[in-house]
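What follows is each chain in one-letter form.
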Amino acid sequence: MQYHQDPLQREQLIRNYLLKRLDAGAQEAFESHYLVCQECFEELGASELLVSGLAETGVDQRRLEDVLVLQFSGPAQLTRDSLGLKSLLQGMLAQKDTKVLIDLGRVSRIDSAGLGLLLRCYSHAVHHQGMLKLLNPNAEVERLLRLTRLDEVLETYHDEQQALESFPK
Amino acid sequence: MEPDSQKIEQYRIRLRSKVSYHLGKFCPDIEDVVQETLTRFLCALRQEKILNPEKTGAFLSGICNNVIQEYRRRLWRESKADAQWSGSKSPSTSESEMLELRDAVAAALAQMGERDCQVLRAFYLQEKEKEEICQSASLTDGQFRVTLFRAKDRFRKIYRQQLKQAASAGH
């Protein structure tokens, strides 16, 4: 690929690289290139910063009946170095509510740190004789929950009403 | 011919980025993997194993891939879990530098309008194609590019600053 021909095309490639969407060949080719190209390396670094900044988002709280629903105010990633993690944890730990539903509808990515955080939130809820459930994880997040068997601990729903009704009255 | 020290430092910074990408930013052994890669690379250079200088990047990347693989195998043998990587060794960026960087990133984002941020989120986080974004935000191709590259320009400056600080701090 000609990395210097069209800046927009390069930006799409960088985006896909950062989101780990490139196949092995394209990834290796881009890495081989930026190791010897200062311009592309700087573009990669700048995009990484921009993406990390855009992924930072707060957590909105709303109460439906006696259930506290936590939802990201914008697109978010629950990864080790994202502030989304801290926002969610702060939102959760500050609560004394015993019934909590976390809406993951706006979470596009999650890694081991994000899964760890969900478990921490779950432990916090259980410690206070409460319950924590998840709403609307995307296919990738759901796959990871299943793979790590966290879905056996964290009940997951795709319908808000159904999720609310699952909490004991 | 052996590269000068400035060139080696450039390779070091870029390799750090590649290794972080594959092992995670909080892996405590990033510096070790980078150093081992550079050592093998310089050794190969001295032995004149790089026949085509245009393939230097691919050669360096290949060595780095091998070192990463060996590191992973060693971890697996020693049964170290991913969770243990956030251990005692310092990551390549200190906590205060991270906070400083976050402030700079937040300030740059605050300077951009909400509409620009929405366009950028659609592109970078929601992985939408340019045509789709232009249609939903009523933008022309030119306006989309201006939004994207104006933002990139701001963040490039922050990144260059970060690189300078890292170089002066010696990591």
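Since we're looking at a predicted model, the values are computed, not measured. (Residues numbered from 1 in each chain as written. Chains lettered and ligands numbered in written order. Predicted model: local features only at pLDDT ≥ 70, side-chain atom pairs only at ≥ 80, totals over all residues.)

**What about the overall build of chain A?**
Phase 1 of the analysis: Across its full length, chain A carries 7 helices and 7 strands.
Phase 2 of the analysis: Along chain A, helices (α) and strands (β) appear in the sequence α-α-α-β-β-β-α-β-β-α-β-α-β-α when read from the amino end.
Phase 3 of the analysis: For chain A, with 169 residues in total, the buried portion stands at 37%. (Helix = DSSP H or I, 4+ residues; strand = E, 2+ residues; numbered from the N terminus. Buried ≥ 20, exposed ≤ 12 C-beta atoms within 10 Å, placed from the backbone.)

**Thoughts on the overall build of chain B**
Phase 1 of the analysis: A count of helical and extended segments in chain B gives 7 helices and 0 strands.
Phase 2 of the analysis: Going from N to C terminus, chain B has its helices and strands arranged as α-α-α-α-α-α-α.
Phase 3 of the analysis: Looking at chain B as a whole, 20% of its 171 residues qualify as buried.
Phase 4 of the analysis: For chain B, long-range pairs separated by at least 24 residues make up 63% of all intrachain contacts whose partners lie at least 6 apart in sequence. (Contact = placed C-beta atoms within 7 Å.)

**Brief notes about the confidence of the model for chain A**
Phase 1 of the analysis: For chain A, the mean per-residue pLDDT works out to 86, and 89% of the residues sit at or above 70.
Phase 2 of the analysis: Here helix H4 (residues 83-93) of chain A is the element of chain A with the lowest mean pLDDT, 66, and helix H2 (residues 24-34) of chain A is the one with the highest, 96. (pLDDT = per-residue confidence, 0-100.)

**Re the interface of chain B and chain A**
Accessible area lost when the parts come together is the quantity often used to give the size of an interface.
Phase 1 of the analysis: With 36 residues of chain B at the interface, the matching set in chain A holds 30 residues.
Phase 2 of the analysis: Secondary structure elements with two or more residues in the side of chain B that touches chain A: helix H1 (5-23), helix H3 (56-77), helix H4 (95-111), helix H5 (114-124) and helix H7 (141-169) of chain B.
Phase 3 of the analysis: Here the element with the most residues in the side of chain B that touches chain A is H7 of chain B; it accounts for 10 residues.

**Concerning unusual backbone geometry**
With glycine set apart, most residues show a phi of negative sign, and most peptide bonds adopt trans.
Phase 1 of the analysis: A positive phi angle, close to 55°, is found at Glu 65 of chain A, a residue other than glycine.
Phase 2 of the analysis: Within the secondary structure, Glu 65 of chain A sits in the loop between strand S1 (59-64) and strand S2 (67-72).
Phase 3 of the analysis: Here Glu 65 of chain A falls in the exposed class, since 9 other C-beta atoms lie within 10 Å of it.
Phase 4 of the analysis: The backbone phi angle of Ser 138 of chain B is positive, close to 50°, even though this residue is not glycine.
Phase 5 of the analysis: Locating Ser 138 of chain B in the fold gives a position in the loop between helix H6 (130-137) and H7.

**Remarks on the packing of H1 of chain B against H3 of chain B**
All names here are of chain B.
Phase 1 of the analysis: Remark: H1 packs on H3, axes separated minimally by 11 Å, with the N-to-C direction vectors making an angle of 45°. Judged by the inter-axis angle, H1 sits oblique to H3. Crossing angle aside, the handedness with which H1 passes H3 is right-handed. Residues Tyr 11, Leu 15, Lys 18, Val 19, His 22 and Leu 23 of H1 touch H3, and the partners they reach there are Leu 60, Cys 64 and Ile 68. (Axes fitted to C-alpha atoms, helices over the stretch in contact; angles between N-to-C directions. Parallel < 35°, antiparallel > 145°, perpendicular 65-115°, else oblique. Left-handed = near helix turned anticlockwise from the far one by under 90°.)

**Some thoughts on the sheet that holds S2 of chain A**
Residue and element names in this part refer to chain A.
Phase 1 of the analysis: Sheet architecture is open: 5 strands sit in the order S1-S2-S4-S6-S7, paired in mixed fashion. If you trace the sheet from one side to the other, it starts and ends with S1 and strand S7 (155-157), each paired once. Direction aside, the axes of adjacent strands within the sheet are offset by 25° on average.
Phase 2 of the analysis: Across 3 bridges, the pairing between strand S6 (residues 131-135) and S7 is parallel. Along S7, the bridge assignment pairs Leu 135 with Tyr 157. (Pairing = 2+ DSSP bridges.)

**As for the confidence of the model for chain B**
All names here are of chain B.
Phase 1 of the analysis: When the pLDDT values of chain B are averaged, the result is 83; 85% of them are 70 or greater.
Phase 2 of the analysis: The spread of mean pLDDT over the elements of chain B runs between H4, the lowest at 74, and helix H2 (residues 30-46), the highest at 94.
Phase 3 of the analysis: Note that residues 81-91 has pLDDT below 50 and, in this model, 11 contacts with residues that lie over four places away or in other chains.
Phase 4 of the analysis: Interface scoring of the predicted complex returns ipTM 0.85; its pTM is 0.69.

**With respect to the environment of Leu 132 of chain A**
Phase 1 of the analysis: Checked against the element boundaries, Leu 132 of chain A lands in strand S6.
Phase 2 of the analysis: Residues contacting Leu 132 of chain A, with those up to four places away along its chain left out, are Val 100, Ile 102, Cys 121, Tyr 122, Ala 125 and Leu 154 of chain A.

**What about the environment of Tyr 34 of chain A?**
Phase 1 of the analysis: Residue position: Tyr 34 of chain A is located in helix H2.
Phase 2 of the analysis: Overall, the presence of 24 C-beta atoms within 10 Å leaves Tyr 34 of chain A in the buried class.
Phase 3 of the analysis: Taking the C-alpha atoms as reference points, Tyr 34 of chain A and Leu 44 of chain A, 10 residues apart in sequence, are found 8.4 Å from one another.
Phase 4 of the analysis: Residue contacts for Tyr 34 of chain A: discarding those within four places in its chain leaves Cys 40, Phe 41 and Leu 44 of chain A together with Arg 14 of chain B.

**A short note on the nonpolar core**
Phase 1 of the analysis: Core analysis: the largest hydrophobic core is formed by 40 residues, its most contacted members being Leu 50, Val 100 and Ile 102 of chain A together with Leu 120 of chain B.
Phase 2 of the analysis: Counting residues per element, this core draws most heavily on helix H3 (residues 38-55) of chain A, which supplies 6 residues.
Phase 3 of the analysis: Leave out the neighbours within four places in its chain, and Leu 50 of chain A touches Leu 120, Tyr 124, Ala 151, Lys 152 and Phe 155 of chain B.
Phase 4 of the analysis: Core analysis: the second largest hydrophobic core is formed by 20 residues, Tyr 34 of chain A together with Leu 15, Cys 64 and Val 67 of chain B among them. (Core = buried A, V, L, I, M, F, W, Y, C linked by C-beta atoms within 7 Å.)

**Here's the deal with the pairing of S6 of chain A**
Residue and element names in this part refer to chain A.
Phase 1 of the analysis: As paired elements, strand S4 (residues 99-103) and S6 share 5 bridges and run parallel to each other. When the sheet's bridge partners are listed, Ile 102 is paired in S6 with Leu 134.
Phase 2 of the analysis: In terms of handedness, the path from S6 via helix H6 (residues 139-147) over to S7 forms a crossover that is right-handed. (Right-handed = clockwise from strand over helix to strand, strands pointing away.)

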